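Residue-level structure breakdown
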Amino acid sequence: EKVLRNFEDGNRVLMCDTYPLLLNTKLYPLWLKNIEMLREIATEDKADLHFYLQDQSFWDRRQPTTLAEINYQTYVYFAYGTKALSHYPYLTPALAGEGSYGVVDENGKKSPIFPIIVEANKLIQKLAIPYQHFDWKAVIANIGSENKTGKNENIDACRCMKSEYGMLKGVSSTRDTIVGCFDNKDGYEMYIVVNFTEPLEKGEDKVQLQIKDCKKALVYINGAPQEMDIVDGKLSLSLLEGEGILVIPYNN
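Quick summary incoming for the structure in this document.

Rules behind the numbers
- Residues numbered from 1 in each chain as written.
- Predicted model: local features only at pLDDT ≥ 70, side-chain atom pairs only at ≥ 80, totals over all residues.
- Heavy atoms only, no water.
- Buried < 20%, exposed > 50% of the residue type's maximum accessible area, 1.4 Å probe, protein only.
- Helix = DSSP H or I, 4+ residues; strand = E, 2+ residues; numbered from the N terminus.
- Pairing = 2+ DSSP bridges.
- Right-handed = clockwise from strand over helix to strand, strands pointing away.
- 1 Å grid on protein atoms, 1.4 Å probe; cavity = no way out; pocket = protein on both sides within 12 Å on 5 of 7 lines; lining within 4 Å.
- Points joined across faces, edges and corners; volume = space filled by probe spheres on them.
- Nonpolar A, V, L, I, M, F, W, Y, C, P; charged D, E, K, R; others polar.
- Axes fitted to C-alpha atoms, helices over the stretch in contact; angles between N-to-C directions.
- Contact = heavy atoms within 4.5 Å.

1. Some points on the pairing of strand 4 (residues 48-54)
With respect to burial, strand 4 is a largely interior element, five of its seven residues being buried. Direction of pairing for strand 1 (residues 13-16) relative to strand 4: parallel, over a ladder of four bridges. Residue pairing for strand 4: Leu 14 is matched across the bridge by Leu 49. With five bridges joining them, strand 4 and strand 5 (residues 84-88) adopt parallel strand pairing. Residue Gln 54 lies in a different strand from strand 5, and its bridge partner there is Tyr 88. In terms of handedness, the path from strand 4 via helix 2 (residues 67-79) over to strand 5 forms a crossover that is right-handed.

If you want it as structure tokens, here you go:
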């Protein structure tokens, strides 16, 4: 009310850092709630939503060491329609401590995570090609059939999750999953399907999307497009830890 709305349309940016990767292979339980709140404000005030990716350990946050941990954050933020991603930090702070580092060390030399960030950025650039042509609309969440508790703190804390959107009439999965929903001016819909379980927990997420009135889908796996059939209104996908898949249904 005091700052953001005073900017003209096209010049509003809402940027936030909320870091999900905790020590002992845990996730910050209010991560999605924070993203959802920022998403709601950005939509209401016609602002571009930007986020930081957690590259470093600090306080109770752990040091990411795998590509899955970085890609996991990327896919979740993409599912919420982010317009830009930055790395926190790029330059490692002088007082970071042993085993804690950003993209480059305090002297500007490549850190141990540098090659992982390079690969993560390549994925972002690939996904940006189709992603830039769609507008965010909603997020669907599904608790996986293999979740013995039937609960997920992050998902349970959200209040704006949908059960369906447009042609996407339902989602089932073996692991906890979120699906970002988008559309464009040409009438196409796009979904970003994300394996939402802790990215260090090994295991496959088998997801089935119930899609109405379409026979084909352009599916981006690791940023590479391929054509898949929608059989009897269902599209079956398999996602590894930290993975997301971008889906654009269509008819010939």
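The rest of the description comes next.
2. As for the layout of surface pockets
Empty space among the atoms becomes visible once a probe the size of a water molecule is rolled across them. For the largest pocket, the calculated volume is near 380 Å³. What lines the largest pocket is a set of 18 residues, and nearest its centre among them are Asn 147, Asn 152, Asp 176, Thr 197 and Glu 201. Only strand 3 (26-27) and helix 4 (153-156) provide two or more residues apiece to the lining of the largest pocket. Across the lining of the largest pocket, the residue classes break down as three nonpolar, seven polar and eight charged.

3. Considering the sheet that holds strand 4
Ordered by their spatial adjacency, three strands build an open sheet running 1-4-5, and the pairing between neighbours is parallel. Both outer strands of the open sheet, strand 1 and strand 5, are each paired with one neighbouring strand and no more. For this sheet the average axis-to-axis angle between neighbouring strands, irrespective of direction, equals 25 degrees. On the sheet, helix 2 packs against strand 4 and strand 5 and is oriented at approximately 165 degrees with respect to strand 4.

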